[in-house]
Amino acid sequence: MTNTIYQYKMPTELIFGRGAAEQVGKIAASLGAQTAMVVTDPGVTKAGLLQGIIASLEAAKINYIVFDQVESDPSTQLVMNVTEIAKTNNCNLIIGVGGGSALDASKAIAAMVTNPGDISEYAGIGKLKNPTLPVIAIPTTAGTGSEATYWSVLTNKQTKLKAGVGSWYLMPTVALADPLLTLSLPASLTASTGMDALTHAIESYVCTATQPISEAMSEKAIALIGRSLRKAVVNGRDIQAREDMLYASMIAALAFNVTRLGLAHAFVVPAAAYFPIPHGIGNAILLPHVMEFNYLACPEKFAKIAELMGEDIRGLSVLEAAQKSVTAVKSLMKDIGIIKGLRQFGVTENDLPHLAEEAAKTGNVPVNPRVANVQDIINIAQKALDGIA
Ligand SMILES: [Fe+2]
């Protein structure tokens, strides 16, 4: 019998619950903040989500400036420009508020205040030289999990390459996860970001780098998403469903942060530099096809996914039960309105060889449970062109 030693590292302080975001001023003060930079996107400002956060900073007498122009799929250029603003204003704390784009940008800005050169130079894992400014990450979507990961995914608009910067220095100092901030998220974004969280949980769960601690978090996340994503999409005011989804998103991130992911993310992340594919939708479109390709590698795991998502697997063989996990994901996607394929974003058969080559270079392929080459990725993407309708 072999003995394996597992390591689980998690340096971020996690604060979760309704109203948690109101603690931001007190936490900023405890981190020694004199001037904080709030980094967010126009949608967050428009939805009024900054009001409580600003009031809390003012009550704690923290000076602040607000940058609310983070774009979706933020660019390395934006990060460098905003870093200059942070330096000019002597900011010593970054508060990211928003979805994955705002949080990833916040973490990168905090890094570039204290590291020389351009953020593009740090693409890869473990390349940042210095600790970043402290970061408080406040998610307003339940999907990316960026509040609890060491990744910042950016796009270099000149080279059209995704710059995934991974470093333990990029773990936020504090994650403030407040389900009240997700109540106004529109149904379509609730659906797409929720599917991103599900893809994180499933890809981490079945990948070859999985381990008991991450597995436990993946299982809980899959069950919560199976129970609550439909409810959150059809009734955004359902606070229990929102809380389930935000919690699921956070713990799915805690799982994949130590394992990496699989073929869905391998394909979607680089492809988004060439086509306007929203991250969560792209993952959702790929996910059932990737699962169909993968389930023979670890059918017991896929049978468990089916069970966690509410499928009745009694009396089925392991392989039959494993196939039910694909049925469960497709049925969820139909219910929440994600039925079209990659073609809706302009992807055609001719693009697949190039996109598959890019995918094959990512670190998410070596951990995929079934060994996959470029042709395998092309075949999976081919099936994803036309959706599940
Ligand atoms: Fe993702």
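Predicted model, so just to flag it, every value in this text is computed and none were measured.

1. Here we look at the overall build of the protein chain
In step 1: Within the protein chain, the secondary structure is distributed over 14 helices and 9 strands.
In step 2: Its C-alpha atoms give the protein chain a radius of gyration of 20 Å, within 12% of the compact-globule value 21 Å for 389 residues.
In step 3: Overall, the protein chain is about 60 × 50 × 45 Å in size when its C-alpha atoms are taken along their principal axes.
In step 4: Out of the 389 residues belonging to the protein chain, those deemed buried represent 58%.
In step 5: Of all intrachain contacts in the protein chain linking residues separated by at least 6 positions in sequence, the fraction that spans at least 24 positions is 79%.
In step 6: If you sum the accessible surface of the protein chain, you get close to 15300 Å²; carbon and sulfur atoms cover 53% of it.
In step 7: Distance between charge centroids for the protein chain: 1 Å, based on 30 positive and 33 negative side chains.

2. Examining empty space enclosed by the protein
In step 1: Evaluation of the coordinates by the stated rule reveals 2 cavities of 30 Å³ or more.
In step 2: The computed volume of the largest cavity comes to approximately 50 Å³.
In step 3: Residue lining of the largest cavity: Ile202, Glu203, Val206, Leu261, Gly262, Leu287, Val290, Met291, Asn294, Phe302, Asn368 and Pro369, and that is the complete set.
In step 4: Secondary-structure elements contributing two or more residues to the lining of the largest cavity are α6 (187-206) and α10 (279-294).
In step 5: The leading source of residues in the lining of the largest cavity is α10, at 4 residues.
In step 6: Residue composition of the lining of the largest cavity, grouped by class: 8 nonpolar, 3 polar and 1 charged.
In step 7: The volume enclosed by the second largest cavity comes to roughly 50 Å³.

3. Observations regarding the domain arrangement of the protein chain
In step 1: Domain boundaries in the protein chain define domain 1 (13-182) and domain 2 (187-384).
In step 2: Averaged C-alpha coordinates put domain 1 and domain 2 at centres separated by 26 Å.
In step 3: Of the roughly 2300 Å² buried where domain 1 meets domain 2, counting both sides, 65% is carbon and sulfur surface.
In step 4: Taken together, domain 1 and domain 2 are joined by 1 salt bridge.
In step 5: Taking the shortest distance from any N to any O, the salt bridge between Arg18 and Glu243 comes out at 2.6 Å.
In step 6: For the interface between domain 1 and domain 2, the tally reads 6 residue pairs in polar contact (both at pLDDT 80 or more).
In step 7: When residues in the side of domain 1 that touches domain 2 are grouped by element, the largest group, 3 residues, is from strand β7 (residues 151-156).

4. What to know about the coordination of the iron ion
In step 1: Ligation of the iron ion by protein atoms is provided by Asp196 (OD), His200 (NE2), His265 (NE2) and His279 (NE2), these donors lying 2.1 to 2.2 Å from the ion.
In step 2: Seen from the iron ion, its 4 donor atoms lie at angles of 86 to 168 degrees, and the figure they make is irregular.

5. A closer look at the nonpolar core
In step 1: Residues Met195, Leu198, Phe267 and Leu286 are the most contacted members of the largest nonpolar core, which totals 80 residues.
In step 2: With 11 residues, helix α8 (residues 239-256) is the largest single contributor of residues to this core.
In step 3: Counting residues domain by domain, this core receives three or more from each of domain 1 (13-182) and domain 2 (187-384).
In step 4: Setting aside its immediate chain neighbours within four residues, Phe267 contacts Leu286, Leu342, Leu352, Leu355, Ala356, Ala359, Ile377 and Ala381.
In step 5: With 25 residues, the next largest nonpolar core counts Val39, Met80, Cys91 and Val165 among its residues.

6. What to know about the environment of Glu358
In step 1: Residue position: Glu358 is located in helix α13 (residues 352-360).
In step 2: By relative accessible area, which is 14% here, Glu358 ends up buried.
In step 3: Note: C-alpha distance between Glu358 and Asp335 (23 residues apart in sequence) is 32 Å.
In step 4: The contact partners of Glu358, leaving out residues within four places of it in the chain, are Leu161, Pro270 and Tyr274.

7. Quick notes on the packing of helix α7 (residues 212-234) against α8
Working note: a packed helix pair is described by the angle between its axes plus the distance between those axes.
In step 1: Between α7 and α8, whose axes approach to 8 Å, the crossing angle comes to 150 degrees. Taken together, the axes of α7 and α8 are roughly antiparallel relative to one another. In the crossing of α7 with α8, the sense of the turn from one axis to the other is left-handed. When α7 is examined against α8, the residues Ser214, Met217, Ser218, Lys220, Ala221, Leu224, Ile225, Arg227, Ser228, Leu229, Lys231 and Ala232 are found in contact with a partner set consisting of Ala241, Arg242, Asp244, Met245, Tyr247, Ala248, Ile251, Ala252, Leu254 and Ala255.
In step 2: Residues that form the contact of α7 with α8 fall into these classes: 14 nonpolar, 3 polar and 5 charged.

Rules used in this analysis
- Residues numbered from 1 in each chain as written.
- Predicted model: local features only at pLDDT ≥ 70, side-chain atom pairs only at ≥ 80, totals over all residues.
- Heavy atoms only, no water.
- Helix = DSSP H or I, 4+ residues; strand = E, 2+ residues; numbered from the N terminus.
- Rg over C-alpha atoms; globule rule 2.2 N^0.38 Å.
- Buried < 20%, exposed > 50% of the residue type's maximum accessible area, 1.4 Å probe, protein only.
- Contact = heavy atoms within 4.5 Å.
- Areas by Shrake-Rupley, 256 points an atom, 1.4 Å probe, with all protein chains shown as cover.
- Lys, Arg positive; Asp, Glu negative; His and termini not counted.
- Charge placed at Lys NZ, Arg CZ, Asp CG, Glu CD.
- 1 Å grid on protein atoms, 1.4 Å probe; cavity = no way out; pocket = protein on both sides within 12 Å on 5 of 7 lines; lining within 4 Å.
- Points joined across faces, edges and corners; volume = space filled by probe spheres on them.
- Nonpolar A, V, L, I, M, F, W, Y, C, P; charged D, E, K, R; others polar.
- Domains from an automatic or database assignment.
- Buried area = accessible area lost by both parts, 1.4 Å probe.
- Salt bridge = Lys/Arg side-chain N within 4 Å of Asp/Glu carboxyl O.
- Polar contact = N/O pair within 3.5 Å; in protein donor to acceptor, adjacent residues only side chain to side chain.
- Donors = N, O, S within 2.8 Å, 3.2 Å for Na, K, Ca; no water.
- Tetrahedral: all angles 85-135°; square planar, octahedral: opposite > 155°, others 65-115°.
- Core = buried A, V, L, I, M, F, W, Y, C linked by side-chain atoms within 4.5 Å.
- Axes fitted to C-alpha atoms, helices over the stretch in contact; angles between N-to-C directions.
- Parallel < 35°, antiparallel > 145°, perpendicular 65-115°, else oblique.
- Left-handed = near helix turned anticlockwise from the far one by under 90°.

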